[in-house]
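Inside the fold
As a plain string of letters, each chain reads:
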There are 2 protein chains.
Amino acid sequence: MPDREPLDVLDAIHTTRAQRYLKPDPIPEDVLWQILDAAIRGPTGGNQQGWGWVVIRDPAIKQQIAEVYSERLLSAYGYGRVSDEELGTARITRGGVAEGEVGIDQRNRRGVVHLAEYYAEVPVIVAPVMQTAARMDDNTRRAGAGLGGSIYGAMQNLMLAARAFGIGSVLTWTLDEGTFFRDLLGLPENSFVMGLIPLGYLERGRFSQARRKPLGEVVHWDRWGEQRDAPESGR
Amino acid sequence: MPDREPLDVLDAIHTTRAQRYLKPDPIPEDVLWQILDAAIRGPTGGNQQGWGWVVIRDPAIKQQIAEVYSERLLSAYGYGRVSDEELGTARITRGGVAEGEVGIDQRNRRGVVHLAEYYAEVPVIVAPVMQTAARMDDNTRRAGAGLGGSIYGAMQNLMLAARAFGIGSVLTWTLDEGTFFRDLLGLPENSFVMGLIPLGYLERGRFSQARRKPLGEVVHWDRWGEQRDAPESGR
């Protein structure tokens, strides 16, 4: 077992956030196994475990994912349409990301762009796959969100376990459309990549708490709209 | 802050499993706030936080949920159609669950039936709600699974944080259909209860590891079907 310091579960939860600046340094295989062993303890409806976890280290496969990810980012998410000014001069080019004072929103966008640029260089990309008897376009509720309920919890376990080893991660690209992944990874029919999780040691940033709305604003007591202020958390 | 022992994140992950035998004893409000504060650190696409967390303690509301849950269990999941013999004499009646030697499958079913019977008596039920601009039946991929990717991780955080306080939980009932919850909880339009999480101290059982297929069977290296045996985990 690789050495690591114990990390309290609440501390782990409060310091696991999207990390998009990842070093190319390899992750020991034994660590990967431990992270995956944690993942599969997550909820799976009826203990069906209709999942597979593809651990991608092959540079050629990573390169193809990086290219498609950048393309999609440009087209679907509109990153290609924002001006340089808006983006704090960050762009998807191989020239690196400009430095300078940027706001939180811009910083986040810059992180997204950075990851797109360097996606092929992260040491590991995990592709969690769900296999289902149901057709994905059959019944939104069961096949869509219901399917997610049987894997996204395990994916969170995976990211928390990575954190325990000082490894950063981020959940990107929520659902496979078309046959790109089926062809790339040789997936069976009715299999869907439910997201992509790049893993790597931190190149920049630290394990800090994700910013969220005040807790009292999103908690309702018995009925929607019955709200109170949350106590100071002390974190 | 209530006292609790630190719990390593990997230990927490490996001992968080579906707990269906829960005591009616109340959970301190400060503990609930801490659990919810952990939940909201989970992934939320674009930091949109389109979620609300309804904390249900009102006996009348719990009773209505319990009734609908039992009904659905009987009809949709076929528990009403299995024989007493199959179910190890466990039934949805107010008479309690018979003791005796039962297999794993039967034990699991008996747990499900037990929870259905006592759902109204758990101290707290958390209903995580997603609000979305998209119609749920609009686009399976984005609205269904994509939506799930922005809340089920947070729900896993919630269950792990509960574990840190010695509180058991289980993810039940993966998606709201119809207007039952909208009416019951006064939810706004385009809001969906993504699951129900009963919380309570353990009445029976312990925090043990969920049984899963051997890790090597569900992990694929670079391409689907490229598999190896996992090392002994030591757990």
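All values derive from a computational prediction rather than experimental measurement. (Residues numbered from 1 in each chain as written. Chains lettered and ligands numbered in written order. Predicted model: local features only at pLDDT ≥ 70, side-chain atom pairs only at ≥ 80, totals over all residues.)

Considering the packing of helix H2 (residues 29-39) of chain A against helix H6 (residues 152-164) of chain A
All names here are of chain A. Threshold: Here the axes come from fitting lines to C-alpha atoms, over the contacting stretch only for helices, and the angles between their N-to-C directions go from 0 to 180 degrees. Per the convention used, a helix needs a DSSP run of H or I reaching at least four residues, while a strand needs a run of E reaching at least two, with both numbered from the N terminus. Crossings are sorted by hand: turned counterclockwise from the far helix by less than a right angle, the near helix makes the crossing left-handed, and turned clockwise it makes it right-handed. In this description, a residue-residue contact is defined by the distance between C-beta atoms placed from the backbone, which must lie within 7 Å. Ten residues, namely Ala, Val, Leu, Ile, Met, Phe, Trp, Tyr, Cys and Pro, are considered nonpolar, four, namely Asp, Glu, Lys and Arg, are considered charged, and the remaining ones, Gly among them, are considered polar.
Where H2 meets H6, the axes come as close as 7 Å, and the angle between the chain directions of the two elements is 145°. Read as a crossing pair, H2 and H6 show a hand that is right-handed. Contacts from Gln34, Ile35, Ala38 and Ala39 in H2 reach Ala154, Met155, Asn157, Leu158, Ala161 and Ala162 in H6. In the contact of H2 with H6, the residues fall into 8 nonpolar, 2 polar and no charged.

Observations regarding the relation of the copies chain A and chain B
Defined as follows: Least squares is the method for superposing the copies, and the C-alpha atoms it fits come from residues with pLDDT of at least 70 in both.
Overlaying chain A with chain B gives an RMSD of 0.0 Å, the required rotation being 180° about an axis along which the chain moves by 0.0 Å. Expressed as a symmetry operation, the mapping of one chain copy onto the other fits a two-fold axis. When you check the interface residues of chain A against chain B, 100% turn up at the interface there too, and the contact is symmetric in its surfaces.

Looking at the interface of chain A and chain B
The partner chain B presents 76 residues to the 76 residues of chain A that form the contact. Mapped onto the side of chain A that touches chain B, the elements with two or more residues apiece are helix H1 (9-14), H2, strand E1 (51-56), helix H5 (140-149), H6, helix H8 (215-218) and strand E6 (219-221) of chain A. The greatest single-element share of the side of chain A that touches chain B, amounting to 9 residues, is contributed by H5 of chain A. Here the side of chain A that touches chain B is composed, by residue class, of 41 nonpolar, 22 polar and 13 charged.

A short note on the nonpolar core
This is how the line gets drawn: Only buried residues count toward a nonpolar core: Ala, Val, Leu, Ile, Met, Phe, Trp, Tyr and Cys, linked into one set through C-beta atoms within 7 Å. For every residue, the other C-beta atoms within 10 Å of its own C-beta are counted; 20 or more classify it as buried, 12 or fewer as exposed, and values in between as partly exposed. C-beta atoms are placed from the backbone.
Counting residues in each nonpolar core, the largest one holds 126 residues, and the members touching the most others are Leu158 of chain A together with Leu158 of chain B. Sequence-distant contacts of leucine 158 of chain A, that is, excluding residues within four places in its chain, are made with Ile35, Ala38, Ala39, Val126 and Ile197 of chain A.

Overview of the environment of leucine 184 of chain A
Inspection of the secondary structure puts leucine 184 of chain A in helix H7 (residues 180-185). As a C-alpha pair, leucine 184 of chain A and glutamate 5 of chain A span 179 residues in sequence and 37 Å in three-dimensional space.

What about helix H6 (residues 152-164) of chain B?
Residue and element names in this part refer to chain B. Formally: By this rule, a helix spans an expected 1.5 Å times one less than how many residues it contains.
The end-to-end C-alpha separation of H6 is 19 Å, in line with the 18 Å expected for 13 residues at 1.5 Å each. Of all 13 residues making up H6, 13 are buried, and the element is well covered by its neighbours. The positive-phi residue at the C-terminal boundary of H6 is glycine 166, with phi of around 75°.

Describing the pairing of E1 of chain A
To keep things clear, this is the line we draw: Only strands joined by at least two bridges in the DSSP assignment are considered to pair.
Taken across its 6 residues, E1 of chain A has 6 buried, putting it largely inside the fold. Of the two faces of E1 of chain A, both are covered, the one formed by Trp51, Trp53 and Val55 of chain A as well as the one formed by Gly52, Val54 and Ile56 of chain A. Bridge count between E1 of chain A and strand E2 (residues 124-131) of chain A: 6 bridges; the pairing is antiparallel. Counterpart to valine 55 of chain A in the pairing with E2 of chain A is valine 126 of chain A. Relative to strand E6 (residues 219-221) of chain B, E1 of chain A runs parallel, the two sharing 3 bridges. Note that in E6 of chain B the partner of tryptophan 53 of chain A across the bridge is valine 219 of chain B.

Examining the confidence of the model for chain A
All names here are of chain A. Put simply, the rule reads: On a scale of 0 to 100, pLDDT captures the predictor's confidence in every residue.
Per-residue pLDDT for chain A averages 83, and the proportion of residues at 70 or more is 78%. The model gives residues 81-103 a pLDDT under 50, and that stretch makes 31 contacts with residues more than four places away or in other chains. Below pLDDT 50 for its whole length, residues 136-143 participates in 22 contacts with residues either more than four positions away or in separate chains.

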